[in-house]
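Summary of structural features
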Amino acid sequence: MAKGTPATLVLEKAGVAFTLHEYDYDPNSARIGMQAAEALGIEPVRLLKTLMAKAGNDVICVLAPSDREVNLKRLAAAAGAKSAAMLGAAEAERITGYHVGGISPFWQKKRARVFIEQSALEFSRIVCKGGRRGLQ
C-alpha cells in the first residue's frame, strides 16, 4: 500500500490530526459510497462521497452524503451556471489525480470549487470516503 495520498501527506506535514479507516473496497459496487459506509459501519448520511462535475465551463467538486443523489439543476444554480453534468470517470481521474472510488476533495491536480451538501454541515465530525481508506 502507498505511504499516503497527496491529501494525507499534506495533512501530516501540516500537523493536522486525522484518522484513517481502512475497509475492503469493492470497485464493482453499484454505489461505492454506500458500500464504504456499510463496510465501515458508518451511517451513510455521515460518510461523504466526492463527485466531480462540470457546471457551465467550470469543473467543480461536490461533497454529498453517500445516501443522497445530486440534483444537477440545483447544482448548476448554486454554481451560477445554466446547466451541470457529472464528469466521466476518465476525465475525473485526469483532473483530480485520484482514481474513481478514492477521489479526495483535497489537493487535487487542478483546483476546483467545492460544493458541500447543506445537510453535511449538521455534524461536528464527518467521514470522507477515499478508496481503501476513509479520511475523518
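What you see is a predicted model, and the numbers here were worked out from it, not measured in a lab. (Residues numbered from 1 in each chain as written. Predicted model: local features only at pLDDT ≥ 70, side-chain atom pairs only at ≥ 80, totals over all residues. Heavy atoms only, no water.)

Turning to helix α1 (residues 6-14), a few remarks are in order. Of the residues making up α1, those classed as buried are A7, T8 and L11. In an axial view of α1, the angular spread of the buried residues amounts to 95°, which keeps them on one side of the axis. Directly beyond the C-terminal end of α1, a positive phi value near 75° is found at G15. (Buried < 20%, exposed > 50% of the residue type's maximum accessible area, 1.4 Å probe, protein only. Helix = DSSP H or I, 4+ residues; strand = E, 2+ residues; numbered from the N terminus. Arc of directions from axis to C-beta.)

On to the confidence of the model for the protein. In low-pLDDT segments, the atomic positions of the prediction should not be examined closely. Taken as a whole, the protein shows an average pLDDT of 84; of its residues, 89% reach a score of 70 or greater. Of all the helices and strands in the protein, strand β7 (residues 133-135) carries the lowest mean pLDDT, 37, while strand β4 (residues 84-86) carries the highest, 97. Here residues 131-136 scores under 50 on pLDDT; set against residues more than four positions off or in separate chains, the count is 39 contacts. (pLDDT = per-residue confidence, 0-100. Contact = heavy atoms within 4.5 Å.)

Now for the environment of D26. Residue placement: D26 occurs in the loop between β1 (20-22) and α2 (32-40). A relative accessible area of 31% means that D26 is categorised as partly exposed. Apart from the residues within four sequence positions on either side, D26 is in contact with I32 and Q35.

This part takes up the packing of aromatic side chains. Counted under the stated rule, the structure contains 1 aromatic pair. Measuring from centroid to centroid gives 5.7 Å for F106 and W107, while their planes differ by 40°, and the two rings are tilted. (Phe/Tyr/Trp six-rings, centres within 6.5 Å; stacked < 30°, edge-to-face > 60°.)

Next up on the list: a nonpolar patch on the surface. The grouping of V10, F106 and W107 at the surface amounts to a nonpolar patch, some 250 Å² of accessible area in total. Overall, the relative accessible area of 34% leaves F106 in the partly exposed class. (Patch = residues over 30% accessible without salt bridge, like charges linked within 9 Å, V, L, I, M, F, W, Y side chains within 5 Å. Areas by Shrake-Rupley, 256 points an atom, 1.4 Å probe, with all protein chains shown as cover. Salt bridge = Lys/Arg side-chain N within 4 Å of Asp/Glu carboxyl O.)

A few words on the side chain of S119. Tracing the sequence through the fold places S119 in the loop between β5 (113-116) and β6 (127-130). In terms of polar contacts, S119 uses its side chain to reach the side chain of R68, at 2.6 Å. The contacts of S119, once residues within four sequence positions are left out, are P65 and R68. (Polar contact = N/O pair within 3.5 Å; in protein donor to acceptor, adjacent residues only side chain to side chain.)

In this section: the nonpolar core. Ranked by size, the top nonpolar core spans 9 residues in total: A53, A55, I60, V62, L75, A76, A79, A84 and F115. Of all the secondary-structure elements, those providing two or more residues to this core are β2 (47-55), β3 (58-65) and α3 (72-79). For this core, the leading source of residues is α3, giving 3 residues. Not counting chain neighbours up to four residues away, the residues in contact with I60 comprise L51, M52, A53, A55, L75, A79, A112, R113 and F115. Among the nonpolar cores identified, the runner-up in size contains 8 residues, and A7, A92, Y98 and I103 belong to it. (Core = buried A, V, L, I, M, F, W, Y, C linked by side-chain atoms within 4.5 Å.)

Take the environment of R31 next. As for its position among the elements, R31 is in the loop between β1 and α2. The sequence separation of R31 and S66 amounts to 35 residues, and the corresponding C-alpha distance is 8.3 Å. Leaving out residues up to four positions away in the same chain, R31 has contacts with S66, D67, R68 and E69.

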